[in-house]
Amino acid sequence: MKKYKPKSGEKIERHEEIIPPKVELPIEFSKEHYPVLLQEVIAAFHPYRTHADVRYFDGTFGRGGHYMAMKHVVPQMKATVMDQDLAAVNYAKTRFKTEVEKGELEVIHGNFSQFSDHNLKNFDMMLLDLGVSSPQLDQAERGFSFYHDGPLDMRMNQQQGLTAEVLVNTATEDDLIRIFKEYGEVHRPSRVVRAIVNDRKTKAFQSTSQLAGLIERVDGWQVKGHHPATKYFMALRLAVNSELEVVGEALPAMMKALKPGGRLAVITFHSLEDRIVKNIFRDAEALGRPVYKKVIVPSQEELDMNSRSRSAKLRVFERSAQDELREL
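What counts and how
Residues numbered from 1 in each chain as written. Predicted model: local features only at pLDDT ≥ 70, side-chain atom pairs only at ≥ 80, totals over all residues. Heavy atoms only, no water. Pairing = 2+ DSSP bridges. Helix = DSSP H or I, 4+ residues; strand = E, 2+ residues; numbered from the N terminus. Axes fitted to C-alpha atoms, helices over the stretch in contact; angles between N-to-C directions. Contact = heavy atoms within 4.5 Å. Buried < 20%, exposed > 50% of the residue type's maximum accessible area, 1.4 Å probe, protein only.

### Here we look at the sheet that holds strand β3 (residues 105–109)
Strand order across the open sheet formed by 7 strands is β3-β2-β1-β4-β5-β7-β6, with mixed pairing between neighbours. What marks the edges here is a single partner per strand, and that holds for β3 and β6 (288–290). Going from strand to strand, the sheet's axes swing by 15° on average, the running direction of each strand aside. Where strand β1 (residues 55–58) meets strand β4 (residues 123–129), 3 bridges bridge the pair, whose relative direction is parallel. In the sheet register, Phe-57 faces β4, and the bridge partner there is Met-126. Where helix α2 (residues 65–73) meets the sheet, it contacts β1, β2 (78–83), β3, β4 and β5 (258–268), and its direction lies at approximately 165° from that of β1. Relative to the sheet, helix α11 (residues 243–256) contacts β1, β4, β5 and β7 (313–319), its axis offset from that of β5 by approximately 150°.

### Section: helix α8 (residues 190–199)
Of the residues making up α8, those classed as buried are Val-192, Val-193, Ala-195, Ile-196 and Val-197. Residues of α8 that are buried in the fold lie against α6 (164–170), α7 (173–182), α9 (208–219) and α10 (230–240).

Structure, rendered in structure tokens:
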């Protein structure tokens, strides 16, 4: 597909996106479960509030915080949502039973990387929130957080076979070093990896506290207030769920599923994820353009209310509205 070129004498004007004012919502969210960058996501989709036929897609539904806000702002929209977490899917079907029965909401169990398998297309608004949801972090049995002692699981899709426990206890020393370096951006993970390989000979790693305790003992506290296991757990989660690979594969398909003029908003919590999103949006000139010149980050007000949003970044892509690009 060729990049659109203006005809002779045709002038294409580019305007910097103006973020509209905050929207007051009649929805009560707890501080722990407040959707990240909610006002910024609402602002990114503001052009569609007055459209008659609006279609919305959310590939990481979670507990539906972003969906509820968008449904309030754009009540005429019809939505398709996905989540690979069975708990989230069951919650959606129960909590939003009325919307499902009315045909206003379709709920699909699966990873957004399976987007094309469901022949989904022609969306005005699309959203991906690539972080771990608060319910996942707060449930010890899911094994995402070292603050809650639980099994070394970390699967977002409980039906897949690979867990963090399997990875930690069976991966080679070289593979563990690569995972912690590439996914966790740990500069020198060798001492921790050697300790893991040595200790697992006598007792397999099965709990989050067991692994976090080893990392704390070997690495020590390098930065005040930043647990030494943070990057290691992040790396394991990304590896178990193939999160970086999924983003790279899914985004191009989702961008093509936008209507002309439609927008895709992506929230990341990791520098590697953000880099992937940034590069894909930047290199898709033939299809559209990034809406904002700079990445959107949480306000100080949000950071004060929800510390989990501190690493969140939002990028928004808009598909070209040119007639010759209407190939969905």
